[in-house]
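Structure at a glance
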Amino acid sequence: MDFAFIAGVVIAFGALYAMITMEGAHLSALFLPAPMILVLGSTIGVGIASHTVKDALSAFGSLGAMVRGPRSTPASVIPLLVGYAEKARTEGLLRLEDELDGAPDEYTRRAVQALADGVDAEDLRTLMDDEIVAVAGRRRIASKFFAALGGYAPTIGIVGTVVSLTHVLENLDKPDELGHMIAAAFVATLWGLLSANFLWNPIAGRLSRMAALEQERMTLVCEGILAIQAGSPPRLLEERLLALTTYKPGRKRAAPAAAPAEDPA
C-alpha cells in the first residue's frame, strides 16, 4: 500500500490546524454546516451534471484504489518478461501457455496467449496498443472528474459568500451581529478553496499519476512480448525494458575482482 495520499492530506490539514491554533482561532468557527453543505454538495452536483452518471460512479468507485495506490511498480514486470524470454528461447513459444495461470493480470495473460498462438507481430502490436489506449482513456475519466470538481469548488465558495453577504446587508440594523455574520460569510470561500486544493485536485493528480504508471506497465508488457516474439535474447530484453522505465529498480553490482598478489621474489 502506498501511503503518500493519506500522509499528504494529514500533513496539509495538520498545518492548517497548527495555523488556526497559533492564531488563537477556534475550529468551530470554520465548521459551519450551511457553507459546507453548499460548497461540497453543489460542487459534487455540478461535477455530476458536467459528466455522465457512469463517469461519476466510476470516479467515486476508483477512490479505494486511489488511496491504496498502485499494486506494484511498472518495473516489477521485467523479471517476469525475462523469464518468458528464457523459456521461449529454450522450449519454444508454444510452451508459454504453461505460464498463463501465473500471469499477473488479464492484459498480460491475453498477450502471452496470443504469443503462444502465433499471432502475427503486426496484428499483435495493434491489438495490444489499442487496449493500452482504451485502458488509459478509462483511467483518465476519474482524474478529469475530480479535476473538474477542483475547478468548480472555489467559484461555488464565492457564490456562497455572496449569498451570505446579501444576508448581512439585510441586517445592517444589527451592528452587534455584523462581525460574526461577515466572518461566517467568508467560510464558504474558505471551504471552496480548501476542498479544491486539499482534496479534489490532489485526488485528480494521484489518479492521473496512477493511470500513467499503469500505461507504462502495459507498454513494458507490450514491448516485452513483441521482443520475445522477435527472438530477442533475455539479457538484451532486460536492458531494453529497463531503459523504458521511469524508476529503475536497484541492481547489485558485482564485487571487483581481487588484485593478484605480488610475487615476493
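Residues numbered from 1 in each chain as written. Predicted model: local features only at pLDDT ≥ 70, side-chain atom pairs only at ≥ 80, totals over all residues. Heavy atoms only, no water.

1. Some words on the overall build of the chain
Applicable threshold: The way it works is that DSSP assigns letters per residue, a run of H or I at least four long becomes a helix, a run of E at least two long becomes a strand, and they are numbered from the N terminus. Computation of the radius of gyration draws on C-alpha atoms, with the globule rule given as 2.2 Å multiplied by the number of residues to the power 0.38. Only protein chains enter the calculation, and the probe is 1.4 Å; a residue is then buried if its accessible area is under 20% of its type maximum, exposed if over 50%, and partly exposed in between. Residue contacts are defined here by distance: any two heavy atoms, one from each residue, within 4.5 Å place the two residues in contact. What sets the accessible areas is the Shrake-Rupley method with a 1.4 Å probe; for residues, cover comes only from the shown protein chains.
Looking only at helices and strands, one finds 9 helices and 0 strands in the chain. Since a compact globule built from 265 residues should have a radius of gyration of about 18 Å, the 28 Å found for the chain marks it as more spread out than a globular shape. Looking at the chain residue by residue over its 265 residues, the buried ones come to 35%. Contacts spanning at least 24 positions in sequence make up 78% of the contacts within the chain whose residues lie at least 6 apart. Accessible surface, the chain: about 15,600 Å² in total, of which carbon and sulfur atoms supply 63%.

2. Comments concerning the nonpolar core
Put simply, the rule reads: Residues grouped as a nonpolar core are buried Ala, Val, Leu, Ile, Met, Phe, Trp, Tyr and Cys residues, joined through side-chain atoms within 4.5 Å.
Counting 31 residues, the largest nonpolar core has Y84, L96, Y107, M128, I225 and I228 as its most contacted members. When contributions to this core are tallied by element, the ones reaching two or more residues are α5 (78-91), α6 (106-117), α7 (121-169), α8 (175-229) and α9 (234-244). No other element matches the 8 residues that α8 contributes to this core. Residues contacting M128, with those up to four places away along its chain left out, are Y107, A111, V221, C222 and I225.

3. Some details on the packing of α5 against α9
Let me state the cut-off plainly: Whenever a helix is involved, its axis is fitted only over the stretch in contact; in every case the axis is a line through C-alpha atoms, and angles between N-to-C directions fall within 0 to 180 degrees. These descriptions rest on fixed angle ranges, namely under 35 degrees for roughly parallel, over 145 for roughly antiparallel, 65 to 115 for roughly perpendicular, and the rest for oblique. Helix crossings are classified by the rotation of the near helix relative to the far one: an anticlockwise turn of less than a right angle makes the crossing left-handed, while a clockwise turn makes it right-handed.
Look at α5 against α9: their axes get within 9 Å of each other, and the N-to-C directions meet at 155°. Our classification of the angle between α5 and α9 gives roughly antiparallel. Pair α5 / α9 crosses with right-handed handedness. Touching I78, L81, V82, A85, E86 and R89 of α5 are P234, L237, E238, L241 and L242, all from α9.

4. Some remarks on α7
Put simply, the rule reads: Take the residue count of a helix, subtract one, and multiply by 1.5 Å to get its expected span. The term polar contact refers here to a pair of N or O atoms within 3.5 Å; inside protein, the definition further demands a hydrogen-donor-capable atom paired with an acceptor-capable atom, and it admits residues adjacent in sequence only when both atoms are side-chain atoms.
Here α7 contains 49 residues, and its C-alpha end-to-end distance of 73 Å stays within 8% of the 72 Å for a straight helix at 1.5 Å per residue. Near the N-terminus of α7, the side chain that reaches the backbone nitrogen of E122, with its oxygen 3.1 Å away, is that of D120.

5. What about the pattern of salt bridges?
Cut-off, in case you're wondering: Any Lys or Arg side-chain nitrogen found within 4 Å of a carboxyl oxygen on Asp or Glu counts as a salt bridge.
Within this structure, the stated rule accounts for 15 salt bridges. Between R240 and E223 there is a salt bridge, and its shortest N-O distance comes to 3.0 Å. In this pair, R240 sits in helix α9 while E223 sits in helix α8, placing the two residues 17 residues apart along the sequence. For E223, a relative accessible area of 14% gives the class buried.

6. Brief notes about the packing of aromatic side chains
As a reminder, the rule being used: Aromatic contacts are taken between Phe, Tyr and Trp rings whose centres are within 6.5 Å, Trp giving its six-membered ring; a plane angle under 30 degrees counts as stacked, one over 60 as edge-to-face, and the others as tilted.
Per the counting criterion, the structure on display carries 6 aromatic pairs. Where F31 meets W191, the ring centres are 5.6 Å apart and the plane angle is 65°; that geometry is what we call edge-to-face. Taken together, the positions of F31 in the loop between α1 (4-22) and α2 (33-49) and W191 in helix α8 put the pair 160 residues apart, joining distant regions of the chain. For W191, a relative accessible area of 9% translates into the label buried. For the pair F145 and F146, a centre-to-centre distance of 5.4 Å together with 90° between the ring planes defines the contact as edge-to-face. The class for F145 is buried, based on a relative accessible area of 0%. Judged by its relative accessible area of 0%, F146 falls in the buried class. Put simply, the rings of F60, F145, F146 and W200 pair up and form one aromatic cluster.

7. Quick notes on the packing of helix α3 (residues 53-61) against α7
The criterion, for reference: Put simply, Ala, Val, Leu, Ile, Met, Phe, Trp, Tyr, Cys and Pro go in the nonpolar bin, Asp, Glu, Lys and Arg in the charged bin, and everything else, Gly too, in the polar bin.
Close contact between α3 and α7 brings their axes to 9 Å; oriented N to C, the two are set at 95°. One finds that α3 runs roughly perpendicular with respect to α7. For the pair α3 and α7, the contacting residues are D55, A56, A59 and F60 in the first and I141, A142, F145 and F146 in the second. For the contact of α3 with α7, the residue count by class is 7 nonpolar, no polar and 1 charged.

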